[in-house]
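Analysis of the macromolecular model
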Amino acid sequence: MHNVVFVLGPPGSGKGTICAKIQENLGYVHLSAGDLLRAERQREGSEFGALIEQHIRNGSIVPVEITCALLENAMNNSGDAKGFLVDGFPRNEDNLQGWNKQMTGKALVQFVLFLSCPVPICIQRCLNRGQGRTDDNEESLKKRVETYNRQTFPIIEHFEKNGLVREVKSERSVEEIYADVVEVFNQAAKV
Ligand SMILES: Nc1ncnc2c1ncn2[C@@H]1O[C@H](COP(=O)(O)OP(=O)(O)OP(=O)(O)O)[C@@H](O)[C@H]1O
Ligand SMILES: Nc1ccn([C@H]2C[C@H](O)[C@@H](COP(=O)(O)O)O2)c(=O)n1
Ligand SMILES: [Mg+2]
């Protein structure tokens, strides 16, 4: 059984940055759904490359069968891990239903780490990211934020109702955020 922490928050809220620190220090393996999709888009012979690129540019969500298969493969191919940080997933109802269908009995969701941050700050961070992402432009960001508000936030609310959400405010320095995140993981380890 894989232990899983879902990591959610608006685009640019710092999910990847904080996951890298958790992976470095706390023995969890970081799996970014977006990174896995970008790698699949680049993979020679992939039948999904064009579809993935279309969704990434539109800020819409790739069908769960593709994303969940990439996540499950990555988990199965990782060595020993305390657990997995599943970053940027589940992003909508299709992701959630597909995960439940495919991963029930194979993965245990410990909690959901929610990095909350005002959208204008998130947008500015993405525009300054400088990684050459095809979706870090004003037009794609508008759509990504709309997708987050309409489709992802209701998923966070769903987990909140089940008592699974641990919110950490991410409009702060990485050090301050990470200190609170460590506290969340320490509390989770006690139960
Ligand atoms: N606390 C912070 N303060 C200032 N800048 C930050 C902070 N956290 C991350 N950043 C910067 O903001 C940008 C976005 O961060 P990151 O890639 O971690 O966000 P993300 O939530 O994974 O975004 P996405 O959903 O688009 O993948 C990066 O350039 C990163 O260096
Ligand atoms: N569950 C997911 C995660 C990501 N995507 C696609 C659409 C996103 O806009 C893009 C980038 O993700 P990020 O790196 O910002 O987390 O990847 C998706 O379709 N489904
Ligand atoms: Mg990211």
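Residue positions within a chain follow its written sequence, with the count starting from 1. Whichever chain is written first becomes A and whichever ligand is written first becomes 1, with later ones labelled in order. Local features in a predicted model are, by the rule used here, given only for residues with pLDDT of at least 70; side-chain atom pairs are given and counted only at 80 or more, and totals for whole chains, interfaces and linings are based on all residues. With hydrogens and water stripped out, all remaining heavy atoms of the structure feed into the side-chain values.

Here we come to the sheet that holds strand S2 (residues 28-32). Spatially, the five strands line up as an open sheet ordered S2-S3-S1-S4-S5, and their pairing is parallel. The sheet terminates laterally at S2 and strand S5 (165-169), the two strands that pair on one side only. Each neighbouring strand pair of the sheet contributes to a mean axis angle of 25°, computed without reference to strand direction. The pairing criterion for strands is at least two bridges between them, as found by DSSP. Strands are runs of DSSP state E lasting at least two residues, helices are runs of H or I lasting at least four, and both sets are numbered from the N terminus onward. Strand direction decides the pairing type here: strand S4 (residues 107-116) and S5, joined by five bridges, are parallel. Bridge pairing in S5 places Val-112 opposite Val-165. Along the sheet, helix H1 (residues 15-26) contacts strand S1 (2-8), S2, strand S3 (83-87) and S4; its crossing angle with S2, the most-contacted strand, is approximately 155°. The sheet contacts of helix H7 (residues 138-161) involve S1, S4 and S5, and relative to S4 the element is tilted by about 125°. Inter-axis angles, ranging from 0 to 180 degrees, are taken between N-to-C directions of lines fitted to C-alpha atoms, where helices are fitted over the stretch in contact. Note on definitions: a residue-residue contact is assigned when non-hydrogen atoms from the two residues lie within 4.5 Å.

Here the expected span of a helix is defined as 1.5 Å times the quantity of residues minus one. Its 24 residues place the ends of H7 33 Å apart at the C-alpha level, agreeing with the 34 Å of an ideal helix rising 1.5 Å per residue. We define the bend at any residue as the angle between the axes fitted to the seven residues before and including it, ending there, and the seven starting there. Of all the bends in H7, the greatest measures close to 40° and is centred on Asn-149. All of the buried residues in H7 are Ser-140, Leu-141, Arg-144, Val-145, Thr-147, Tyr-148, Thr-152, Ile-155, Ile-156 and Phe-159. In the segment just after H7, Gly-163 is the residue with positive phi, at about 70°. Only protein chains enter the accessibility calculation, which uses a 1.4 Å probe. A residue is then buried if its area is under 20% of the maximum for its type, exposed if over 50%, and partly exposed in between.

This brings us to the UniProt feature "binding site: CMP" (unreviewed entry) in the chain. Mapped onto the present numbering, the UniProt feature "binding site: CMP" (unreviewed entry) falls at Asn-95. Position of Asn-95 among the secondary structure elements: in helix H5 (residues 93-103). Ignoring any residue separated from it by four or fewer positions in sequence, one finds Asn-95 in contact with Ile-61, Val-62, Val-64, Phe-89 and Pro-90. UniProt positions are given in the numbering used here, feature names are shortened, and annotations may be inferred rather than shown by experiment.

When the terminal C-alpha atoms of H1 are compared, their 15 Å separation across twelve residues agrees well with the 16 Å that a helix rising 1.5 Å per residue should span. Of the positions making up H1, those classed as buried are Lys-15, Ile-18, Cys-19, Ile-22 and Leu-26. Along the axis of H1, the buried positions cluster into a sector of 100°, meaning they face one direction only. In the core, the buried residues of H1 are packed alongside S1, S2, S3, S4 and helix H8 (174-190). Looking at the residues trailing H1, positive phi occurs at Gly-27, about 80°. The arc in question is traced by the directions running from the helix axis to the C-beta atoms.

Approximately 870 Å³ is the volume attributed to the largest pocket. Detection works on a 1 Å grid of protein atoms alone, calling trapped sets that fit a 1.4 Å probe cavities and calling open sets with protein on both sides within 12 Å along at least five of seven lines pockets, with lining residues defined by an atom within 4 Å of a point. Every residue lining the largest pocket is counted, 37 residues in all, and those nearest its centre are Lys-15, Arg-38, Arg-91, Arg-133 and Arg-144. Those elements that provide at least two residues to the lining of the largest pocket are H1, helix H2 (33-42), helix H3 (49-58), helix H6 (119-127) and H7. Among the elements that take part in the lining of the largest pocket, H2 stands out by supplying five residues, more than any other. For this classification, the nonpolar set comprises Ala, Val, Leu, Ile, Met, Phe, Trp, Tyr, Cys and Pro, the charged set comprises Asp, Glu, Lys and Arg, and every other residue, Gly included, is treated as polar. Here the lining of the largest pocket is built from residues that sort into ten nonpolar, 17 polar and ten charged. Grid points are joined across faces, edges and corners, and a volume is the space filled by probe spheres set on the points.

Our focus in this paragraph is the environment of Lys-143. Looking at where Lys-143 falls in the secondary structure, it is placed in helix H7. For the pair Lys-143 and Met-75, spaced 68 residues apart in sequence, the C-alpha separation works out to 30 Å. Here Lys-143 is in contact with Asn-58 and Gly-59, once residues within four sequence places are set aside.

The next subject is the side chain of Arg-144. Looking at where Arg-144 falls in the secondary structure, it is placed in helix H7. Owing to a relative accessible area of 10%, Arg-144 belongs among the buried residues under this scheme. With near-sequence residues (within four places) excluded, Arg-144 lies in contact with Pro-11, Gly-59, Cys-126, Arg-129, Arg-133, Asp-135 and Asp-136.

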